[in-house]
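Fold and contact review
Here is how the chains run, residue by residue.
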Amino acid sequence: MPGLIPTLNRRGFMAESLDRFSSAFVHYAAGCGGTVLDMGCAYGVATHAALGQGATVHACDMEAGHLAILEAETPAALRPRLSTSVGTLPALSFGAASFAAILCSRVLHFMRGEEIRAALALMHDWLQPGGRLFLVADTPYAGFWASAAASYEQRKAAGEEWPGFIADIGSFFPDPATVDGMLPYLNPLDPDILVRECGLAGLAVLDSGFTGRGDDRQGRKHAGVIAMRRG
Ligand SMILES: C[S@@+](CC[C@H](N)C(=O)[O-])C[C@H]1O[C@@H](n2cnc3c(N)ncnc32)[C@H](O)[C@@H]1O
């Protein structure tokens with residue numbers, strides 16, 4: 001698919017271009033003066049952009065192969081401002097107040113609701129007071145799952161807490177082998193859910209909305225939020 005690079009571990013695709021929330025992270029990272037975290041960085045589309053703007057970045061992903069490629073593709077002159085680690089949210093720990101900003105782009109929809117809550121509580125603690133959290137998630141209007149968007153809208157109207165949750169992604173494909181190696185479930189999110197969950201984590205929400213990438217920057221395939229750890 002144009003503009004998308006498949007991940008090595010079948011956790012979707014890394015986008016080659018940045019949506020408006022990831023762009024805001026890069027801009028903030030360049031000026032904040034502290035180390036920032038790119039959580040679920042894949043091959044480093046945001047990490048490379050932030051390093052190029054002068055930021056100091058810690059890139060973390062559950063797949064070591066992604067980090068090896070990210071490091072190999074980082075110009076030598078930028079390497080002193082890059083560190084990496086392998087880890088899986090929410091079974092992951094950094095020190096409290098370690099980061100001036102965190103980007104977690106297109107990762108949360110691979111988690112069940114309770115894991116999302118645990119991950120947001122952790123990221124809240126990893127932020128310095130006043131630090132910013134930039135979240136992006138795939139929505140029910142993205143990818144193969146868009147055919148179920150009407151069901152999501154009905155469940156949302158009925159007040160379900162995780163209305164986009166798909167318990168069996170194999171049901172979207174005629175050949176069940178299509179999803180071999182993938183998580184069996186997916187939890188597409190929307191801006192309202194991200195705002196609610198940031199609030200529950202104690203963060204102050206600064207901006208939120210639907211977004212897209214490339215030619216679809218005004219689209220609804222991604223949901224984003226910018227939130228701040230209170231001082
Ligand atoms: C769809 S890609 C998104 C990559 C990039 N951040 C972007 O916005 O295009 C998801 C990435 O998150 C990683 N990932 C998924 N679940 C994760 C988890 N629970 N903890 C850490 N990394 C995770 C995957 O290995 C993959 O590299």
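For the structure, check the block above.
Here the structure is a predicted model, which means the values were calculated and not measured.

1. What to know about the side chain of S105
By the secondary structure assignment, S105 is in strand β6 (residues 99-105). We classify S105 as buried; its relative accessible area is 18%. Once residues within four sequence positions are removed from consideration, S105 is found in contact with D19, S22, M39, G40 and V136.

2. Description of helix α3 (residues 64-72)
For α3, the set of buried residues is H66, L67 and L70. Looking straight down α3, one finds that the buried residues subtend no more than 95° of arc, so they occupy a single side. Of the surrounding elements, those touching the buried residues of α3 are α2 (45-52), β4 (56-61) and β5 (82-86).

3. A word on the nonpolar core
In this structure, L89, I102, L108, M123, W126 and L135 are the most contacted members of the largest nonpolar core, which totals 41 residues. Those elements that place two or more of their residues in this core are β3 (35-39), β6, α4 (113-126), β7 (127-138), α6 (191-200) and β9 (222-229). The element contributing the most residues to this core is α4, with five residues. In this structure, L18, C41, V57 and F134 belong to the second largest nonpolar core, which totals 22 residues.

4. As for the site of the ligand
Around the ligand sit 20 residues in total, of which N9, G40, D61, L89 and S105 are the nearest. Contacts to the ligand include H66, whose side-chain N or O atom sits 3.1 Å from an oxygen atom. Protein coverage of the free-state accessible area of the ligand, which is 600 Å², stands at 96%. If one sorts the elements of the shell around the ligand by residue count, strand β2 (residues 13-15) sits on top with three residues. Split by residue class, the shell around the ligand holds 10 nonpolar, seven polar and three charged.

5. Notes on the sheet that holds β5
Read from one edge to the other, the open sheet built from seven strands follows the order β5-β4-β3-β6-β7-β9-β8, with strand pairing classed as mixed. The open sheet has two edge strands, β5 and β8 (203-211), and neither has a second partner. Each strand axis lies, on average, 15° off the axis of its neighbour in the sheet, ignoring direction. Both β3 and β6 contribute to a ladder of four bridges, which runs parallel. In the sheet register, M39 faces β6, and the bridge partner there is C104. Across the sheet, α2 touches β3, β4, β5 and β6, and the angle it forms with β4 is around 170°.

6. Concerning the environment of F134
One can find F134 in strand β7. Here the alpha-carbon distance between F134 and V107, two residues 27 residues apart in the chain, equals 12 Å. Once residues within four sequence positions are removed from consideration, F134 is found in contact with F21, A24, F25, Y28, A101, I102, L103, C104, V225 and I226.

7. Considerations on the packing of aromatic side chains
Summed over all chains, the structure comprises 11 aromatic pairs. An angle of 85° between the planes, with centres 4.9 Å apart, marks the rings of F94 and W126 as edge-to-face. On the criterion of sequence distance, the pair formed by F94 in the loop between β5 and β6 and W126 in helix α4 is long-range, its members being 32 residues apart. Each member of the pair, F94 together with W126, is buried. Relative to F173, the ring of F144 lies with its centre 4.9 Å away and its plane at 70°, an arrangement referred to as edge-to-face. In this pair, F144 is assigned in the loop between β7 and α5 (149-157) and F173 in the loop between α5 and α6, connecting sequence segments 29 residues apart. Clustering of aromatic rings is evident, with ring pairs tying together F144, W145, F172 and F173. Just above the ring of W162 sits the side chain of R196; from NZ or CZ to the centre is 4.9 Å. When the ring centre of Y141 is taken as reference, the NZ or CZ atom of R220 above it lies at 3.7 Å.

About the cut-offs
- Residues numbered from 1 in each chain as written.
- Predicted model: local features only at pLDDT ≥ 70, side-chain atom pairs only at ≥ 80, totals over all residues.
- Heavy atoms only, no water.
- Helix = DSSP H or I, 4+ residues; strand = E, 2+ residues; numbered from the N terminus.
- Buried < 20%, exposed > 50% of the residue type's maximum accessible area, 1.4 Å probe, protein only.
- Contact = heavy atoms within 4.5 Å.
- Arc of directions from axis to C-beta.
- Core = buried A, V, L, I, M, F, W, Y, C linked by side-chain atoms within 4.5 Å.
- Near = heavy atom within 4 Å.
- Polar contact = N/O pair within 3.5 Å; in protein donor to acceptor, adjacent residues only side chain to side chain.
- Areas by Shrake-Rupley, 256 points an atom, 1.4 Å probe, with all protein chains shown as cover.
- Nonpolar A, V, L, I, M, F, W, Y, C, P; charged D, E, K, R; others polar.
- Pairing = 2+ DSSP bridges.
- Axes fitted to C-alpha atoms, helices over the stretch in contact; angles between N-to-C directions.
- Phe/Tyr/Trp six-rings, centres within 6.5 Å; stacked < 30°, edge-to-face > 60°.
- Lys NZ or Arg CZ within 6 Å of the ring centre and 35° of its normal.

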